[in-house]
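Overview (structure and organization)
Residue-level listing of the chains:
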Amino acid sequence: MEDGRKIFHGEIGIEDGKIIYVKEGQSGNSTGEGALSGREGGCPGMRNAQGTGAAWDEEIDAKGNLVMPGFKNAHTHSPMTFLRSYADDMKLQEWLFDKVFPAEAKLTGDDIYWLTKLAVMEYLTSGTTAVFDMYKLKKDSARAAEETGFRMVFCGDMNDFGGTVEEMEQDYLAYNKDPDSLLSYQIGFHAEYTTSREHMEQIAALAGKYEAPVCVHCSETKKEVEECRERSGMTPVAYMDFLGLFHNGGCLFHGVHMDDGDFDIIKERGISVVTNPASNLKLASGIAPVKRYLDMGIPVAIGTDGPASNNCLDMFREMFLVTGLQKVVCDDPEAVPAMDVLKMSAVNGAHAMGLTDCDTLAEGKRADLIMLDLMQPNMQPLHNIEKNIVYSGSKQNVKMTMINGKVVYRDGEFFIGESPETIYRNADRISERILG
Ligand SMILES: [Zn+2]
């Protein structure tokens, strides 16, 4: 997934959740006879080893498929699956304060556990190997992620209605303790418009203590920016920077309405932006200036936002929207080409979430990868595979999703320790109880 790397026929060796080699061609032990494969690795014989020597637990013939790093959904709220198609076609502020917040107040930890499992299923079918998840009651999401074998980076979700800086520090230390864990944590809070200055200053102090970036919803709507200007005399980006929140970088979710000064601050502070085009369209929030960010060298990642506003957790749809919208807005069909979009979804997402060892397929990296079926009508002919994925690809092409060297989804079957029926039944039960 680096510029200049060609797509090649090859093989990947995986051991203890990590990639131990990526090579062109195939070894004598491989059963594959060659196939198209992904940048920085692809494989007719993708082999899982345990122990030493050439004894492999499993060889996966990837002939006719493309292997590439998994997509990173860099902004979502997984447990909101229960709100899918519950409140739509409404203004953001009414949607959030009249519908979403009251329903969320009724959620228990057990609800969050089941609703996260439902989201994980959807992520896996979309070729997503990690998400950046902002929600409350993280220990219940954590249980769901660990049991299903899913990689989740938590984002602090504090606001004036819930959470404390002390809890955030405890979570930061607890979830970042084990580098081999599927779980990790980034400091963050809900948004400037839901969080007092006093709380934001406390969060800035915490981020300073650990020299950590701060991640937050920012400048999603015009109204949010206008109200922040009235309160502080500054835009949300400038105000939060003034409070010291971005001294160690950060990550802005949405980043739709920016003025010239905001771009400079984002660039100067090394902040990433996570764009959420479907959610922004559906709530009529606007279109993020993705091309301008990229032209300035600001890293942009892609997220779905939660299933209450999107309403699906499908990275293929987001990828198409990212490029399609920029082409229209910039009146430039050359804007944000397919390869840039793939890099945003697989590599930039990993970096925005702090997953520096899950970004590409290379020796020593985590085996977080997907296999896309190219032998389907929407992928033929193979003039340009990157363009096929972004402009023509869909979830139907996801043949396999592997996280940390473990196959968790393959050919429509889930290997997550729970039957889909049990997860659907529990999600239905929770939705019925809360929404009636
Ligand atoms: Zn969000």
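Use the structure listed above.
None of the values given here were measured: they were computed from a predicted structure.

For the rest of this paragraph, the subject is the overall build of the protein chain. Across its full length, the protein chain holds 14 helices and 18 strands. Taking 22 Å as the expected radius of gyration for a compact globule of 436 residues, we find that the protein chain reaches 21 Å, a close match to that expectation. C-alpha extents for the protein chain along the principal axes are approximately 70 × 50 × 40 Å. Contacts in the protein chain between residues far apart in sequence, at least 24 positions, make up 72% of those at least 6 positions apart. Of the charged side chains in the protein chain, 43 are positive and 67 negative; the average position of the first set lies 2 Å away from that of the second.

The protein atoms donating to the zinc ion are His75 (NE2), His77 (NE2), His217 (NE2) and Asp305 (OD), with metal-donor distances spanning 2.1 to 2.3 Å. Its four donor atoms give the zinc ion angles of 88 to 168° at the centre, a pattern that matches the irregular case. Considered as a linear motif, the donors of the zinc ion on their single chain read H-x1-H-x139-H-x87-D. You can see His217 sitting in strand S11 (residues 214–218) and its partner Asp305 sitting in the loop between strand S14 (300–302) and helix H11 (315–329), a full 88 residues away along the chain. Relative accessible area serves as the criterion here: at 4%, His217 is assigned to the buried category. Relative accessible area serves as the criterion here: at 5%, Asp305 is assigned to the buried category.

In this model, helix H12 (residues 338–352) (15 residues) spans 20 Å end to end at C-alpha, consistent with the 21 Å of a helix rising 1.5 Å per residue. Its maximal kink placed at Met344, H12 deviates by approximately 40°. Burial analysis of H12 places twelve of its 15 residues in the buried class, the great majority of the element. Residues of H12 that are buried: Ala338, Met339, Val341, Leu342, Met344, Ser345, Ala346, Val347, Asn348, Gly349, Ala350 and Ala352. Remark: Gly354 follows H12 within two positions and exhibits a positive phi of approximately 80°.

Moving on to the packing of H12 against helix H13 (residues 385–392). The description of two packed helices rests on the angle between their axes and on the distance between the axes. The geometry of H12 relative to H13 is characterised by a closest axis approach of 8 Å and an angle of 75° between their N-to-C directions. The angle between H12 and H13 places the two elements in the roughly perpendicular class. For the pair H12 and H13, the contacting residues are Ala338, Met339, Val341 and Leu342 in the first and Glu386, Lys387, Ile389, Val390 and Tyr391 in the second. Split by residue class, the contact of H12 with H13 holds seven nonpolar, no polar and two charged.

Strand order in the open sheet formed by five strands is S10-S11-S12-S13-S14, with parallel pairing between adjacent strands. Where the open sheet ends on each side, the last strands, each with one partner, are strand S10 (188–191) and S14. Strand-to-strand twist of the sheet, defined as the mean angle between neighbouring strand axes without regard to direction, takes the value 20°. Across the sheet, H12 is in contact with strand S12 (250–254), strand S13 (272–275) and S14; its angle to S14 comes to roughly 100°.

It is worth spelling out the pairing of strand S7 (residues 128–134) at this point. For S7, a buried count of seven out of seven residues is recorded, marking the element as mostly surrounded by other parts of the structure. As paired strands, strand S6 (residues 71–76) and S7 are joined by four bridges and run parallel to one another. Pairing of Asn73 across the sheet is with Val131, part of S7. Of the strand pairs in this sheet, S7 and strand S8 (residues 151–155) are connected by five bridges, and their pairing is parallel. Looking across to S8, one finds that Val131 is bridged to Met152. Note that the unit made of S7, helix H3 (residues 138–148) and S8 has a crossover that is right-handed.

Bringing the pattern of salt bridges into the picture now. One side chain can pair with another of opposite charge once the charged atoms of both are near each other. Per the stated rule, a full pass over the model turns up 23 salt bridges. Between Glu227 and Lys223 there is a salt bridge, and its shortest N-O distance comes to 2.9 Å. Within this pair, Glu227 and its partner Lys223 are both found in helix H6 (residues 222–232), separated by four residues, close to a single helical turn. Through salt bridges with shared partners, a single ionic network connects Lys117, Glu147 and Glu418.

Right, let's talk about the sheet that holds strand S5 (residues 65–69) for a bit. Reading across from one edge, S5-S15-S16-S17-S18 is the order of the five strands in this open sheet, with antiparallel pairing throughout. Every other strand in the sheet has two partners, leaving S5 and strand S18 (413–414) as the edge strands with one partner each. As judged from the two bridges shared by strand S17 (residues 406–410) and S18, these two strands associate in the antiparallel manner. Paired with Tyr409 across the bridge in S18 is Phe414.

Core analysis: the largest hydrophobic core is formed by 103 residues, its most contacted members being Leu245 and Ile389. With ten residues, helix H2 (residues 109–125) is the largest single contributor of residues to this core. Those residues in contact with Leu245 that lie beyond four places of it in its chain are Phe189, Met200, Ile203, Ala204, Val214 and Met240. In terms of nonpolar packing, the next biggest core, distinct from the first, is built from 16 residues, Phe132, Val153, Ala301 and Ala352 among them.

Okay, unusual backbone geometry next. Here the amide bond leading from Asn310 into Asn311 is cis, since omega sits at 10°, within 30 degrees of zero. Along the chain, the position of Asn311 falls in the loop between S14 and H11. Cis geometry marks the peptide bond from Gln380 to Pro381; its omega dihedral reads -10°. By the secondary structure assignment, Pro381 is in the loop between strand S15 (369–373) and H13. For Leu137, which is not glycine, the phi dihedral falls at a positive 50°. Locating Leu137 in the fold gives a position in the loop between S7 and H3. Overall, Leu137 belongs to the partly exposed group, its relative accessible area being 36%. In this structure, Asn404 is a non-glycine residue whose phi angle is positive, near 55°. Inspection of the secondary structure puts Asn404 in the loop between strand S16 (398–403) and S17.

Conventions we followed
Residues numbered from 1 in each chain as written. Predicted model: local features only at pLDDT ≥ 70, side-chain atom pairs only at ≥ 80, totals over all residues. Heavy atoms only, no water. Helix = DSSP H or I, 4+ residues; strand = E, 2+ residues; numbered from the N terminus. Rg over C-alpha atoms; globule rule 2.2 N^0.38 Å. Contact = heavy atoms within 4.5 Å. Lys, Arg positive; Asp, Glu negative; His and termini not counted. Charge placed at Lys NZ, Arg CZ, Asp CG, Glu CD. Donors = N, O, S within 2.8 Å, 3.2 Å for Na, K, Ca; no water. Tetrahedral: all angles 85-135°; square planar, octahedral: opposite > 155°, others 65-115°. Buried < 20%, exposed > 50% of the residue type's maximum accessible area, 1.4 Å probe, protein only. Expected span 1.5 Å × (residues − 1). Bend = angle between axes of the 7 residues up to and from the residue. Axes fitted to C-alpha atoms, helices over the stretch in contact; angles between N-to-C directions. Parallel < 35°, antiparallel > 145°, perpendicular 65-115°, else oblique. Nonpolar A, V, L, I, M, F, W, Y, C, P; charged D, E, K, R; others polar. Pairing = 2+ DSSP bridges. Right-handed = clockwise from strand over helix to strand, strands pointing away. Salt bridge = Lys/Arg side-chain N within 4 Å of Asp/Glu carboxyl O. Core = buried A, V, L, I, M, F, W, Y, C linked by side-chain atoms within 4.5 Å.

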